[in-house]
Amino acid sequence: MKLAVVDDNADDAAYVGEMLRSADHHVETFVSVEEFRRRVRRHTFDLAIFDWNMPEMSGLELVAWLRETGAPTLPVIMATARFQTQDIATALEAGADDYMTKPLERELLLARIKAVAGRTIARLENETITLNEVMLQGASGQAWLSGDEVSLTAKEFQLAAMLLTNLGRPLSRTYLLETTWGKSPNVFTRTLDAHISKVRTKLDLRPQRGFALTTINGFGYRLELVE
Amino acid sequence: MLLSVVAASGLVMTRGLERLDNVAYDAMLRLSSQKASGDIVLVAIDDRSLADLGPWPWPRDTHARLLEQLGRARPRAILYDVLFLEPSPDAAGDERLSRAVGEGPVFLPLSVQAPGLNGAPVDISRPVPAIGGTAAGLGQVTVRPDDDGVLRRVPLALRFPDLCLPHLAVALTSFLKGEKAGCAAPDMPNLISYAGPAGTYPAISFSEVMNGNVPDEIVRNRIMLVGATAAGVGDYHATPMRGREDLMSGIEIQANIVDALLGRGFHQEAGKGTTLVFNLAPLLALWLGFWFITPRQGLLLAPMLAVMMIALATGLLAWGGYWMPPMAGVVTIALFTPVWSWRRLSAASSYFIGQLTRLEEEPGVFSRAGGAKRRIIPADRLEQQMELLQDAIGQVRELKNFIDVSQASLPDATLVTDTSWTILRANSRAHDLWRRYMGSEATGMMTAYLNRIRPWIVDGQEGFTRFVGEMESAVVEERECEIGLDDGRAYLLRVKSVDTRFGPVKYVIFRLADITELRSATRQRDMMLQFLTHDMRSPQVSILALLSGEGAKEVPEPYARRIGACARQTLDLAEQFVQLARAEAAEYDLQPVELGDLAIDAADQLWPQVKAAGVSIDVERDEDTLLVRGDASLLVRAITNLAGNAIKYNRRGGWVRIRVGSPDPTTLTCAVEDNGRGMQPEQIEELFKPFRRFEESAAPADDIGVGLGLVFVRTVVARHGGRIECHSTPENGTCFTLTLPRLDLSLTSLDEAV
């Protein structure tokens, strides 16, 4: 993949660039936002990684610029030293596809890049998906855990399918509510939490089975695989 | 009131005050005497006549001669009030009289006895046919004095089962009017409208007539009434007119009746219904009056009403000929005005006492030193009450003074408005503030000022807008918003509406606290947090990047590892600091969250550490939905901190268990338990003290993080209204238990139902 790394700290930029090159990605690093903005107009990247605090323009503003004028579909991961939950939610709401707190870990970064690349959120149609002995059959709406059928309500199945087909990708509450309950859902916040909790219990989406379901406070949920 | 109405009605219906009414009637009648008709002349069989013509009874011849004498002068009619019930021995005299009676229209009385003898309903004695046969008409002359012997009414007809007898005067007047004498006139007793006291009608002596001394013009065309007035012969009756001259002769009474029948009419007596209304109306007026006028005016109103009633009755009688007995109302007013006044006084007095007692029971602002002053010598009860009142008023004054002083010395600008948003009170600080920013004292309408400060609302704009809207409907309860002025000063505007216990009147209190200092402190803290979250961490991140990138080849491996560990520790500490600062200072995002879900989140987040440490982690949760109103990220972090410690200080193969439950309907618990190394009691005591480990140089730097982590947990739990407990046995394990208030399910059932 062709990746862009924008970070005003040259050491950090170089480090991330090296990390990604070692995974056979083609990487261009930018220490100046302006430089990146010029480049992105003429060149197509598959994904960009932005620092937050930069002198010319903050990562957030850069994402906003991208979404409006530059490259609306370019997937972006924010990577910054900020770690507070409200910062994460702010970045994701601003249009970043994912958010990572520095120091970055190689494997996690690669997994996240894989998850958000392409920028389209997958939907389970008629196919069947099997992961860590969790099986969802899109055609019938049935689910199995280690070969035993699990009874899920229609909404629970939808949520499970959304999570399992978008592994590693942060899914916003708004998106989950809209896809499961329909446009402008008149549903309380707790309702989604309660449904996710049911899905997690029924399908055993726990680290012991190789799943990590993370609550991104103020934003939504992310399901990813762990060892 | 009811009692007085019943009393008045009773008096009206039973005519209980008839005598009193009669006295009133008599007095009024005297005041309103009528004009006597000049057409009526009495011929009196007086003492002088008896002296001249011999003792009574006179021979019929004498009567005949008088009638002849009168007849020559051509009178209109003659009422001869002498009974001729049996034939006299002098038949010639009877015959002469009969002729004389036949000459002019002469009306003779008949005698009526009811009930009659031998069980007959009535005995009627008519004049002997020899005489009566030639009379123009006959009639009864029954008189019925009232209980007090006063003659006020006359029955114009007597009705018996098979006949009806008109009054003699009726017989006469009907004749004069050319009507048939009968019972057409109402038979109800009519009130005689006396023309005046006895002697009002001109009278001439019988013997004068006999002697021919009376000129014809006196008799011509007049109605002559002949009757006895002499002592022992004539009948005399008490009339309402008595007083000026004692009694009135029967013949003059007849004259009054004839006069009434001919022209001026009788007085009519009001029916009971009308009388009732007439008597109750002033009572009602008086009663209503008590609602609207002062007791003093009430005291005047009562006699005024009574006088008005009497005046009205007099007027009606004098000009309308209508008799309305007023005494029931007058007496009831006279009787009940004092009773009502007393009742009002006593009600006022007991209300007074009640209120004073309530005031006494009020939790006092001041020590009740006044109680000692109270007199021990028993004083007049009213005086005691007055003293109590004085005491109470003194206290109220003191209280007002206290309020004034308190408000003036409040540290913040404080204003009080009523529900129409007019400023009622403002302390000196409020005035200062207003002078500085509004250019005037704080008076007038609060709304005007609120609209002016709107552009400076920095926080709570939404709440403020809602508040201003609510002001219209006066339902504000409590609001606050922050105002940042252009000169850099910041104020917190807090609005609260107040009900007083004593009534629905609401006041609204506006408080403007100067938070300029506070805001600058907050700004500084925010800057420090910003520094810690980013600026301090960034170099550490760079160190780690350098070590794992190109630098890895330059720095020898053991150093690289140690430098990396130090950098990570610094990062960790900075993070702990920021989390703690946030737990302590920031506003929490409180939502209904499920504690079991949070525990699972925490356990799953710790998975890498669990795997690395080779321990197991379990979450035991209740089947129930265990909701707490909390900040999810802070609560998860609190559980993570506890469970993280439990993992870190455990043995390989050990276990960590998070148990979420609800010991009772109002509380939730989250216990984090391990079978690790455990702690000594004195260690537990030190646990929650931040920075404690700094003082002991021997402690590993790592423990500082632990200390901060636990302080964080305690802070978060405390700010959620919960508490934390720790039980630990060395070498056996530790158990931290968080207790939090459970969110009432009924508040969220709606939520769950969707």
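Residues numbered from 1 in each chain as written. Chains lettered and ligands numbered in written order. Predicted model: local features only at pLDDT ≥ 70, side-chain atom pairs only at ≥ 80, totals over all residues. Heavy atoms only, no water.

### Some details on the overall build of chain B
Counted only if it meets this: Labels follow the DSSP assignment, with helices taken as runs of H or I lasting at least four residues and strands as runs of E lasting at least two, numbered in each case from the N terminus. Surface exposure here means Shrake-Rupley accessible area, sampled with a 1.4 Å probe, where a residue is shielded only by the protein chains that are shown.
A count of helices and strands for chain B gives 29 helices and 28 strands. Just so you have it, chain B exposes about 38500 Å², and 57% of that area is on carbon and sulfur atoms.

### Some points on the UniProt feature "modified residue: 4-aspartylphosphate" (unreviewed entry) in chain A
Residue and element names in this part refer to chain A. Keep this limit in mind: UniProt positions are given in the numbering used here, feature names are shortened, and annotations may be inferred rather than shown by experiment. Under the scheme applied here, a residue whose accessible area is under 20% of the maximum for its type counts as buried, over 50% as exposed, and between as partly exposed, the area being computed with a 1.4 Å probe on protein chains only. Contact definition: two residues touch when any of their heavy atoms are within 4.5 Å.
Those residues carrying the UniProt feature "modified residue: 4-aspartylphosphate" (unreviewed entry) are Asp51 in this numbering. As for its position among the elements, Asp51 is in the loop between strand 3 (47-50) and helix 3 (59-68). Using a relative accessible area of 5% as the deciding quantity, one classes Asp51 as buried. Among all residues touching Asp51, those that are not within four sequence positions of it are Val6, Asp7, Asp8, Gly59, Met78, Ala79, Thr80 and Lys102.

### What to know about the interface of chain B and chain A
Under the convention used in this document: The term salt bridge refers to a pairing of a side-chain nitrogen on Lys or Arg with a carboxyl oxygen on Asp or Glu at a separation within 4 Å. Polar here means any residue other than Ala, Val, Leu, Ile, Met, Phe, Trp, Tyr, Cys and Pro, which are nonpolar, and Asp, Glu, Lys and Arg, which are charged; Gly is therefore polar.
If you look at the interface, chain B gives 40 residues, while chain A gives 35 residues. Residue Arg206(A) is joined to Asp604(B) by a salt bridge in which the shortest nitrogen-to-oxygen separation is 2.9 Å. With eight residues, helix 20 (residues 537-548) of chain B is the single largest residue contributor to the side of chain B that touches chain A. Tallied by class, the residues present in the side of chain B that touches chain A amount to 17 nonpolar, 10 polar and 13 charged.

### Some details on the sheet that holds strand 11 (residues 211-216) of chain A
Residues and elements named next belong to chain A. What counts here: Here the rule is simple: two strands pair whenever DSSP picks up at least two bridges between them. Whenever a helix is involved, its axis is fitted only over the stretch in contact; in every case the axis is a line through C-alpha atoms, and angles between N-to-C directions fall within 0 to 180 degrees.
Ordered by their spatial adjacency, three strands build an open sheet running 10-12-11, and the pairing between neighbours is antiparallel. Of all the strands in the sheet, just strand 10 (171-172) and strand 11 have a single pairing partner and so form its edges. Pairing analysis gives six bridges linking strand 11 to strand 12 (residues 220-225), with the strands arranged antiparallel. Pairing of Phe211 across the sheet is with Leu225, part of strand 12. The strands that helix 6 (residues 154-165) touches are strand 10, strand 11 and strand 12; relative to strand 12, the one it contacts most, it runs at about 55°.

### A short note on the pattern of salt bridges
One pass over the structure, following the stated rule, counts 49 salt bridges over all chains. The closest approach of N and O atoms between Asp97(A) and Arg67(A), which form a salt bridge, is 3.0 Å. Here the residue Asp97(A) occupies a position in the loop between helix 4 (85-94) and strand 5 (98-101), and Arg67(A) occupies one in helix 3, the gap between them amounting to 30 residues. The class for Asp97(A) is buried, based on a relative accessible area of 8%. Arg67(A) gets classed as buried once you look at its relative accessible area, which sits at 19%. Among the salt bridges present, the one from Asp94(B) reaches Arg60(B), with a minimum N-O distance of 3.2 Å. In this pair, Asp94(B) sits in helix 5 (residues 91-103) while Arg60(B) sits in helix 4 (residues 60-72), placing the two residues 34 residues apart along the sequence. Arg60(B) gets classed as buried once you look at its relative accessible area, which sits at 9%. Residues joined by salt bridges that share partners form a network here, namely Asp7(A), Asp12(A), Asp51(A) and Lys102(A).

### Here we look at the packing of aromatic side chains
Test applied: Only the six-membered ring of Trp is used, alongside the rings of Phe and Tyr, when aromatic pairs are assigned; centres must lie within 6.5 Å, and planes under 30 degrees apart are stacked while those over 60 apart are edge-to-face, with the rest tilted. Cation placement over rings: the criterion is NZ of Lys or CZ of Arg within 6 Å of the ring centroid and within 35° of the ring normal.
In total, this model carries 12 aromatic pairs over all chains according to the counting rule given. Between the NZ or CZ atom of Arg82(A) and the centre of the ring of Trp52(A), over which it lies, the distance is 4.4 Å. Above the face of the Trp655(B) ring, Arg657(B) is positioned so that its terminal group lies 4.2 Å from the ring centre.

### Examining the environment of Arg126(B)
Residues and elements named next belong to chain B. For Arg126, the location among the structural elements is in the loop between strand 4 (123-125) and helix 6 (129-132). For the pair Arg126 and Glu482, spaced 356 residues apart in sequence, the C-alpha separation works out to 115 Å. If we ignore the near neighbours within four places in the chain, the residues touching Arg126 are Phe84, Leu85, Leu110 and Leu163.

### Structural notes on the side chain of Thr669(B)
In this fold, Thr669(B) is placed in strand 26 (residues 667-674). With residues near it in sequence (within four places) discarded, Thr669(B) still touches Leu595(B), Arg659(B), Val660(B), Gly661(B), Pro663(B), Thr737(B), Leu738(B) and Thr739(B).

### Things to note about the domain arrangement of chain B
Basically, it comes down to this: For each domain, the first and last residues come from an automatic or database assignment.
Here chain B is described as being made up of domain 1 (2-16 + 270-356), domain 2 (35-266), domain 3 (362-401), domain 4 (410-514), domain 5 (517-586) and domain 6 (588-751). If you average the C-alpha positions of domain 1 of chain B and of domain 2 of chain B, the two centres end up 45 Å apart.

### A few points about the nonpolar core
Stated formally: Here, nonpolar core refers to any group of buried Ala, Val, Leu, Ile, Met, Phe, Trp, Tyr and Cys residues whose side-chain atoms link them within 4.5 Å.
With 59 residues, the main nonpolar core has Tyr194(B), Leu225(B), Ile257(B), Phe266(B) and Leu286(B) as its most contacted residues. The residue makeup of this core includes at least three contributed by each of domain 1 (2-16 + 270-356) and domain 2 (35-266) of chain B.

### Remarks on the state of the cysteines
All names here are of chain B. Heads up, the rule is: Put simply, a disulfide is two cysteine sulfurs that come within 2.5 Å.
Under the criterion given, the structure shown has zero disulfides over all chains. Free cysteine Cys670: the closest other cysteine sulfur is in Cys735, separated by 9.5 Å. No disulfide involves Cys726; its sulfur sits 8.0 Å from the nearest other cysteine sulfur, which is in Cys735. Its relative accessible area of 16% is what places Cys726 among the buried residues.

### Some words on helix 13 (residues 327-361) of chain B
Three or four residues apart is the spacing at which side chains of an α-helix point the same way, because the helix has 3.6 residues per turn. Residues and elements named next belong to chain B. The condition that has to hold: Multiplying one less than the number of residues by 1.5 Å gives the expected span of a helix. To obtain the bend at a residue, axes are fitted to the seven residues ending there and to the seven starting there, and the angle between these axes is taken.
An ideal rise of 1.5 Å per residue puts 51 Å on 35 residues; helix 13 measures up with 50 Å between its terminal C-alpha atoms. Helix geometry: helix 13 is bent most strongly at Phe336, by close to 30°, with proline Pro338 lying one to four residues after it. Listed as buried for helix 13 are Met327, Ala328, Gly329, Val330, Val331, Thr332, Ile333, Phe336, Thr337, Trp340 and Leu356.

### Regarding the sheet that holds strand 3 of chain A
Picture the strands of a sheet paired through backbone hydrogen bonds; they go either parallel or antiparallel. Residues and elements named next belong to chain A. The parallel open sheet is built from five strands, whose spatial order is 2-1-3-4-5. On the outer flanks of this sheet lie strand 2 (26-30) and strand 5, each paired with one strand and no other. Ignoring which end each strand starts from, the neighbouring axes of this sheet average 20° apart. With three bridges joining them, strand 3 and strand 4 (residues 76-80) adopt parallel strand pairing. Bridging across to strand 4, Ile49 finds its partner in Ile77.

### Concerning the environment of Thr128(A)
Residue and element names in this part refer to chain A. Mapped onto the fold, Thr128 is located in strand 6 (residues 128-131). Exposure remark for Thr128: the relative accessible area of 39% places this residue in the partly exposed category. Once you skip the residues sitting within four places of it in the chain, Thr128 turns out to touch Met135, Leu136, Gln137 and Gly138.

### Some words on the packing of helix 4 of chain B against helix 5 of chain B
All names here are of chain B. Rule in force here: In this scheme, roughly parallel covers angles under 35 degrees and roughly antiparallel covers those over 145, while 65 to 115 is roughly perpendicular and the rest are oblique. By the definition used in this description, the sense in which the near helix is turned from the far one sets the handedness, with an anticlockwise turn below a right angle giving left-handed and a clockwise turn giving right-handed.
Here helix 4 crosses helix 5 at 25°, and the two axes come no closer than 8 Å. Our classification of the angle between helix 4 and helix 5 gives roughly parallel. Taken as a pair, helix 4 and helix 5 cross one another with a handedness that is left-handed. Here Arg60, Asp61, His63, Ala64, Arg65, Leu67 and Glu68 of helix 4 lie close against helix 5, whose contacting residues are Gly93, Asp94, Arg96, Leu97, Ala100 and Val101. For the contact of helix 4 with helix 5, the per-class residue count stands at five nonpolar, two polar and six charged.

### Quick look at the domain arrangement of chain A
All names here are of chain A. Going by this rule: The quantity reported as buried area is the accessible area (1.4 Å probe) lost by two parts once they are put together, taken as the sum for both. Think of a polar contact as two N or O atoms within 3.5 Å of one another; within protein, one of them needs to be a possible hydrogen donor and the other a possible acceptor, and neighboring residues in sequence only count if both atoms come from side chains.
For chain A, the domain assignment lists domain 1 (2-116) and domain 2 (128-225). Look at where the C-alpha atoms of domain 1 and domain 2 centre, and you get two points 28 Å apart. Counting the surface domain 1 buries against domain 2, the share from its top three residues, Leu92, Arg112 and Ala115, is 43%. In this assembly, domain 1 and domain 2 are joined by two salt bridges. The salt bridge partner of Glu224 is Arg112, with a shortest N-O separation of 3.2 Å. The interface formed by domain 1 and domain 2 includes four residue pairs in polar contact (both at pLDDT 80 or more). When contributions to the side of domain 1 that touches domain 2 are tallied by element, the ones reaching two or more residues are helix 4, strand 5 and helix 5 (106-116). The biggest single contributor to the side of domain 1 that touches domain 2 is helix 4, with five residues. Of the residues assigned to the side of domain 1 that touches domain 2, the class counts are seven nonpolar, one polar and four charged.

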